[in-house]
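Chains, contacts and geometry: an overview
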Amino acid sequence: MAVTFDNSACGAVTGGSSVDFSLQVITDQGGKILVVGVDHRNDQNACAVTFAGQSLTLHSRTTGGNNTRAELWYLVGPPTATCVVKVSACGGAHDMTAGAISFYGADQGPSPLRTAASSVVNGLSASVVVTTATGDMVVDVISKNESTNVMTACDAQTQRWQANSNTNRGAGSTRPGVDSSLTMGWSWAGVADANLIGVSIKSGGGAKTTVIWLMFRRVATWLEALFRKQPVLWIP
């Protein structure tokens, strides 16, 4: 089974200690995963991210020395419900935005995300090359230290959220995985500091596993019939 988009939502705060917003996880299919991207002003961090009171795991965080920072957090198996995403800041209150995206068909193991790629820039665009695979879904988060100018995702990507506070703007997008790697990128008007993180969500492989099992079952049935010298019943 390929990783498939379910739903998304976002929120923002100016000079606050947390970002709180509601997300509805719609699907009741297997392989659910929730990915939350966080955009901070300056070198701030999130101490915790929760959904329905469940703690998310920090996967990656930029550490560049410019005036913004990006983070990606995830939760395997979020409940199918409308619940609050809460991003709690470390240190003092500051401007933040955050976006949450839910998916299904994802790997449910201890490492459902591949290695992240990140970029720290001062300019008019940012891009990263992300290692991925067919059946995966690539997701990104971008953080920019200017709030007025809207950011535009590259043509192959689908924007899932974009929000701004008083001094910064964050956004996130997705793109189906391919063999090897692909590029995720954003552009905007006016030179600004920006941090970008991209990562691939591993496919749960449900469809592939089913096909292999059916092939094994057919071959085993044929061999058993051949051994017993019975007419071969080929299971469709």
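Residues numbered from 1 in each chain as written. Predicted model: local features only at pLDDT ≥ 70, side-chain atom pairs only at ≥ 80, totals over all residues. Heavy atoms only, no water.

The number of helices and strands found in the protein chain is 1 helix and 15 strands. Counting across all 236 residues of the protein chain, residues that qualify as buried make up 48%. At a minimum sequence separation of 6, the contacts of the protein chain that also span at least 24 residues come to 78%. Carbon together with sulfur atoms contributes 53% to the accessible area of the protein chain, which is approximately 10500 Å² in total. (Helix = DSSP H or I, 4+ residues; strand = E, 2+ residues; numbered from the N terminus. Buried < 20%, exposed > 50% of the residue type's maximum accessible area, 1.4 Å probe, protein only. Contact = heavy atoms within 4.5 Å. Areas by Shrake-Rupley, 256 points an atom, 1.4 Å probe, with all protein chains shown as cover.)

One can find tryptophan 186 in strand E15 (residues 180-201). The sequence separation of tryptophan 186 and valine 128 amounts to 58 residues, and the corresponding C-alpha distance is 9.6 Å.

The next thing to look at is the sheet that holds strand E8 (residues 82-89). The strand order across the open sheet formed by 4 strands is E2-E8-E4-E5, and the pairing between neighbours is antiparallel. The sheet is open, and its two edges are formed by strand E2 (18-24) and strand E5 (54-55), each paired on a single side. (Pairing = 2+ DSSP bridges.)

In protein structure, a disulfide is the covalent linkage between the sulfur atoms of two cysteines. Scanning all chains against the criterion turns up 1 disulfide. Through a disulfide, cysteine 47 is tied to cysteine 90; the S-S separation comes to 1.8 Å. In this pair, cysteine 47 is assigned in strand E4 (residues 46-51) and cysteine 90 in the loop between E8 and strand E9 (94-104), connecting sequence segments 43 residues apart. Take cysteine 90: its relative accessible area is 21%, and that puts it in the partly exposed class. (Disulfide = S-S within 2.5 Å.)

Each strand in a sheet pairs with another by means of backbone hydrogen bonds, the pair being arranged parallel or else antiparallel. With respect to topology, 5 strands assemble into an open sheet ordered E1-E9-E3-E7-E6, the strand pairing being antiparallel. The outermost strands of the open sheet, each flanked by one partner alone, are strand E1 (4-16) and strand E6 (57-61). The sheet shows a mean angle of 20° between the axes of neighbouring strands, direction not considered. (Axes fitted to C-alpha atoms, helices over the stretch in contact; angles between N-to-C directions.)

Right, let's get into the pairing of strand E13 (residues 158-164). With 6 bridges connecting them, E13 and strand E14 (residues 169-176) associate as antiparallel partners. When the sheet's bridge partners are listed, glutamine 159 is paired in E14 with serine 173. Between E13 and E14, which pair antiparallel in sequence order, lie 4 residues.

On to the nonpolar core, then. Core analysis: the biggest nonpolar cluster contains 22 residues, and Val36, Phe51, Val85 and Val87 have the highest contact counts within it. Looking at this core, the elements that each hand over two or more residues are E1, E2, strand E3 (33-41), E4, strand E7 (68-76), E8 and E9. Ranked by the residues each element gives to this core, the list is headed by E8, at 4 residues. If we ignore the near neighbours within four places in the chain, the residues touching valine 87 are Ser17, Ser18, Val19, Val36, Val38, Ala46, Ala48, Val49, Met96 and Ala98. (Core = buried A, V, L, I, M, F, W, Y, C linked by side-chain atoms within 4.5 Å.)

Another aspect to go through is the side chain of serine 60. Inspection of the secondary structure assignment puts serine 60 in strand E6. Side chain to side chain, serine 60 and histidine 59 meet in a polar contact 3.2 Å long. Aside from chain neighbours lying at most four places away, what touches serine 60 is Ala70, Glu71, Leu72, Ala116 and Ile197. (Polar contact = N/O pair within 3.5 Å; in protein donor to acceptor, adjacent residues only side chain to side chain.)

The full count for this structure, using the stated rule, is 4 salt bridges. A salt bridge links glutamate 71 to arginine 61; the shortest N-O distance between them is 2.6 Å. Here glutamate 71 is found in strand E7, whereas its partner arginine 61 is found in strand E6, with 10 residues between them in sequence. Glutamate 146 is the partner of lysine 144 in a salt bridge, and the nearest nitrogen-oxygen pair spans 2.5 Å. The class for lysine 144 is buried, based on a relative accessible area of 0%. (Salt bridge = Lys/Arg side-chain N within 4 Å of Asp/Glu carboxyl O.)

For the rest of this paragraph, the subject is the confidence of the model for the protein chain. Confidence in the prediction for the protein chain averages 90 pLDDT; 86% of positions are at 70 or higher. Confidence drops under pLDDT 50 across residues 206-217; counting only partners more than four residues distant or on other chains, this segment forms 4 contacts. Within the model, pLDDT remains below 50 along residues 232-236, and this stretch shows 9 contacts once partners closer than five positions in the same chain are excluded. (pLDDT = per-residue confidence, 0-100.)

With that settled, consider the packing of aromatic side chains. This structure, assessed with the given rule, holds 0 aromatic pairs. Its end group placed over the ring of phenylalanine 5, arginine 160 keeps NZ or CZ at 3.7 Å from the ring centre. (Phe/Tyr/Trp six-rings, centres within 6.5 Å; stacked < 30°, edge-to-face > 60°. Lys NZ or Arg CZ within 6 Å of the ring centre and 35° of its normal.)

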